[in-house]
Amino acid sequence: MEKVMYQHKWVSGEAISFPAGKAVCIGRNYVAHAQELNNPIPESPLLFIKPASAFCDFSPAFTINEQLGEHHYEAELVLLVGETITADTLEPLSHICGIGLGLDLTLRHLQSQLKAQGHPWERAKAFDGSACLSAFIPAKELELTQPLEFRFWQNGQLRQYGETDKMIFKLDHLLQEVTRYFTLQPGDIVMTGTPQGVGKLNVGDSLALQLGDFEQLKSQVQAILQ
Ligand code: ZN
């Protein structure tokens, strides 16, 4: 099957001219989520990367390949980079051009096996279609220094609720820490970590994501066509 190329979009539907870059993802950025997976509270952010081949659109539907194992959802606030950010960038948040939401899909059993073996997580975290992304709201329409909240529903049940002021590492601190190792370029995204309430996705699920009072975004989970 030919893979549909992903492109970042504004909520207006207009395409964003930047190429889809890498996703730098944060693990364990909410105390209650670290605890639900019996992980220690980190002293510095846990970072991992998904390539652009992992990106797909959250709406109106996305596919999962159940042969890979159980897929777990992790709803997260997503920052879209508009201008290059390095470790020397003074106000890194001012270089974020868009805010969206996404699911960091995770093959949880495989991740547990890889963790137990001390191996990297890529198979469980960076596979094709593992970053399901919403369209982006222009950052100038939001006050990024003010708390933002988001919600995720599965089949009408509220599963996750996140607030940026409950993050262990706040957005500007995250960008400073990320760019000590990884330069962020236009079209890259930062997935800022998931709050508690992660769980299993099933083919046929109806999903919804909502950032603050913005319009609710709906999706359906479909089986991949083999
Ligand atoms: Zn995550």
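First, a word on what this report is: a plain description of the structure on this page. (Residues numbered from 1 in each chain as written. Predicted model: local features only at pLDDT ≥ 70, side-chain atom pairs only at ≥ 80, totals over all residues. Heavy atoms only, no water.)

Some thoughts on the layout of surface pockets
Space left empty within the atom packing is revealed by a probe, the size of a water molecule, rolled over the atoms. The criterion, for reference: Any residue with an atom within 4 Å of a point lines the site, the site being either a cavity, points on a 1 Å grid over the protein atoms alone where a 1.4 Å probe fits but cannot get out, or a pocket, an open set with protein on both sides within 12 Å along at least 5 of 7 lines. Grid points are joined across faces, edges and corners, and a volume is the space filled by probe spheres set on the points. Each helix is a run of H or I in the DSSP string that is no shorter than four residues. Each strand is a run of E no shorter than two, and both are numbered from the N terminus.
Space inside the second largest pocket adds up to approximately 290 Å³. Looking at the second largest pocket, it is lined by 18 residues, and the ones nearest its centre are Val-11, Ser-59, Ser-134, Ala-135 and Leu-217. Looking at the lining of the second largest pocket element by element, the count peaks at three residues for strand 7 (residues 96-104).

Comments concerning empty space enclosed by the protein
Applicable threshold: Residues are grouped as follows: nonpolar covers Ala, Val, Leu, Ile, Met, Phe, Trp, Tyr, Cys and Pro; charged covers Asp, Glu, Lys and Arg; every other residue, Gly included, is treated as polar.
Taken as a whole and assessed by the stated rule, the structure comprises one cavity of 30 Å³ or more. Space inside the largest cavity adds up to approximately 120 Å³. Surrounding the largest cavity, 16 residues form its lining, Gly-27, Arg-28, His-33, Glu-74 and Lys-125 being those nearest its centre. At the level of secondary structure, the elements contributing two or more residues to the lining of the largest cavity comprise strand 1 (23-27) and helix 2 (108-117). When residues in the lining of the largest cavity are grouped by element, the largest group, three residues, is from helix 2. The residue inventory of the lining of the largest cavity, partitioned by class, reads four nonpolar, five polar and seven charged.

Here we look at the nonpolar core
For the record, the criterion: Throughout this description, the term nonpolar core refers to a set of buried Ala, Val, Leu, Ile, Met, Phe, Trp, Tyr and Cys residues connected via side-chain atoms within 4.5 Å. Think of it in three bands: residues with accessible area under 20% of the maximum for their type are buried, residues over 50% are exposed, and the middle band is partly exposed, with areas taken using a 1.4 Å probe on protein chains only. Any pair of residues with heavy atoms lying within 4.5 Å of one another is described as a contacting pair.
In terms of nonpolar packing, the biggest core is built from 44 residues, with Phe-62, Ile-96, Ile-99 and Leu-103 touching the most fellow members. Ignoring any residue separated from it by four or fewer positions in sequence, one finds Ile-99 in contact with Leu-77, Val-78, Leu-79, Ala-135, Phe-136, Ile-137, Ala-139, Leu-142, Leu-144, Leu-148 and Leu-211.

Notes on the pairing of strand 6 (residues 75-81)
Counted only if it meets this: Whether two strands pair depends on DSSP finding at least two bridges between them.
For strand 6, the tally of buried residues reaches seven of seven residues, placing the bulk of the element in the interior. As judged from the seven bridges shared by strand 6 and strand 7, these two strands associate in the antiparallel manner. In the strand pairing of strand 7, Val-81 is matched with Ile-96. In the sheet, strand 6 pairs with strand 13 (residues 189-191) via three bridges, with the strands oriented antiparallel. The residue bridging Val-78 from the neighbouring strand is Met-191, located in strand 13.

A short note on the sheet that holds strand 5 (residues 71-73)
Taken together, the three strands give an open sheet; going across it, the order is 8-5-14, and neighbouring strands pair in antiparallel fashion. A single partner strand is all that each edge strand has here, and the edge strands are strand 8 (106-107) and strand 14 (199-200). Direction of pairing for strand 5 relative to strand 14: antiparallel, over a ladder of two bridges. For Tyr-73, the partnering residue across the bridge sits in strand 14 and is Gly-199.

So, the coordination of the zinc ion
Stated precisely, the cut-off is as follows: Metal coordination here is assigned from N, O and S atoms located within 2.8 Å of the ion, or within 3.2 Å for Na, K and Ca; omission of water means that sites may look incomplete.
Only Glu-74 (OE), Glu-76 (OE) and Asp-104 (OD) from the protein coordinate the zinc ion, and they sit 2.0 Å from it. Taking the relative accessible area as the measure of exposure, Glu-74 reaches 4% and is therefore buried. Residue Glu-76 is classed as buried on the basis of its relative accessible area of 0%.

Let's talk about the sheet that holds strand 12 (residues 157-163)
Quick reminder of the rule: Every axis corresponds to a line fitted to the C-alpha atoms, with the helix fit spanning only the stretch in contact, and the corresponding angles, defined between N-to-C directions, vary from 0 to 180 degrees.
Reading across from one edge, 4-16-15-11-12 is the order of the five strands in this open sheet, with mixed pairing throughout. Two strands in the sheet have a free side with no partner beyond their single neighbour: strand 4 (61-64) and strand 12. Within this sheet the neighbouring strands show an average axis-to-axis angle of 20°, counted without direction. Of the strand pairs in this sheet, strand 11 (residues 149-154) and strand 12 are connected by six bridges, and their pairing is antiparallel. The residue bridging Phe-150 from the neighbouring strand is Gly-162, located in strand 12.

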